[in-house]
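One letter stands for each residue in the lines below.
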Amino acid sequence: MAVFTEVSNTEAQDLLRRLQLGELVELRGIEGGIENTNYFLTSEQGEFVLTLFERLTAEQLPFYLHLMKHLAHGGVPVPDPRADKDGDILLSVCGKPAAVVNKLRGKSQLAPQGAHCAAVGTMLARMHLAGRDFERRQPNLRGLPWWNETVPVVLPHIGDAQAALLRSELAYQNHVAASAAYAALPSGPVHADLFRDNVMFEGDELTGFFDFYFAGVDTWLFDLAVCLNDWCIDLPTGRHDAARAARMLDAYQAVRPLTAAERELLPAMARAGALRFWISRLWDFYLPREASMLKPHDPTHFERVLQDRIAHPLHP
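Please read all numbers here as calculations on a predicted model, not as lab measurements.

(A) The overall build of the chain, seen in detail. When you go through the chain residue by residue, the secondary structure sums to 10 helices and 11 strands. At 19 Å, the chain has a C-alpha radius of gyration in line with the 20 Å of a compact globule built from 316 residues. Considering only C-alpha atoms, the chain reaches an extent of 55 × 45 × 35 Å along its principal axes. In the chain, which comprises 316 residues, the proportion classed as buried is 54%. Across the chain, contacts joining residues at least 24 apart in sequence account for 74% of those joining residues at least 6 apart. Element-wise, carbon and sulfur atoms account for 52% of the exposed surface of the chain, whose accessible area totals about 13300 Å². Within the chain, the 39 negative side-chain charges are centred at a point lying 3 Å from the centre of the 30 positive side-chain charges.

Shown next as structure tokens:
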């Protein structure tokens, strides 16, 4: 992602020795995204990804890293954090908390077809079930409380029509969250950011999910809605693609059928997923941090997605 912290070859080599991964071959910053510093780290023993965490604290990070290890050991293809000789998977590089994970094979599918959406649906359901016995608990840090805190911060930067939509949708989501149907939604560890660029494929074969650093305990339906809002839309317009969505929903439900409460609230959670990313993109766009290679995402994309979800409710 964006490079906020520069890592030298010497520092990278010291880290590889600590992890007993051999000599450094190449260190290359990864462009794209806005949260952490990421490098491709190639050693004599293979290819890895080094992440330096710019916002998350050392107290928050064990949830993410141990969740990934739990899922990897449960047969879900996710990056597996590397431990040093003392068994520590939370490391320190350049004074920042850090982790090194194996690099997944394949590449992101940025123009997904039905088969790709079905594969994501299947693996997402498997991931949810595999996380049921994960003992650590940490809320989705970009959930409703964060929305309520952040909307007042971004409102001064946007027009009247956008502000009215933002306030209205936030009020609606607070109402939904207080309902009995919402309380009945199954929950557990979720990825919460499973966009097209966070999944790897070789052809139609899904080879892995990665970038779990927005994960947390939330409703599984919200996680599914986030996927539908990215994998199953027309990107230029934000409009719902019913055929791709049907493939994803059918594949997900073949592994874990939706409950009655989930079927009832899917339209609301689709709106919630769009709202969450509209808020965060507004925040990143108008209140950016300094970083080399930083390219904030266009916030108006998820404004369009939200408007489409309101105008055309998403039903299972």
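(B) Focus on helix 2 (residues 61-73). Counted at 1.5 Å a residue, the expected span for helix 2 with its 13 residues is 18 Å, and the 19 Å between its end C-alpha atoms agrees. Residues of helix 2 that are buried include every one of Leu61, Pro62, Phe63, Tyr64, Leu65, Leu67, Met68 and Leu71, and no others. Contacts made by the buried residues of helix 2 are with strand 5 (96-102), helix 3 (114-130), strand 6 (187-190) and strand 9 (216-219). Looking one or two places after helix 2, you find Gly75, whose phi comes out positive at around 90°.

(C) Focus on the environment of Tyr286. Inspection of the secondary structure assignment puts Tyr286 in helix 9 (residues 260-286). By relative accessible area, which is 32% here, Tyr286 ends up partly exposed. The spatial distance from the C-alpha of Tyr286 to the C-alpha of Pro156 is 9.9 Å, given a sequence separation of 130 residues. Contact partners of Tyr286, with chain neighbours within four places excluded, come to His157 and Ile158.

What counts, and where the lines are drawn
Residues numbered from 1 in each chain as written. Predicted model: local features only at pLDDT ≥ 70, side-chain atom pairs only at ≥ 80, totals over all residues. Heavy atoms only, no water. Helix = DSSP H or I, 4+ residues; strand = E, 2+ residues; numbered from the N terminus. Rg over C-alpha atoms; globule rule 2.2 N^0.38 Å. Buried < 20%, exposed > 50% of the residue type's maximum accessible area, 1.4 Å probe, protein only. Contact = heavy atoms within 4.5 Å. Areas by Shrake-Rupley, 256 points an atom, 1.4 Å probe, with all protein chains shown as cover. Lys, Arg positive; Asp, Glu negative; His and termini not counted. Charge placed at Lys NZ, Arg CZ, Asp CG, Glu CD. Expected span 1.5 Å × (residues − 1).

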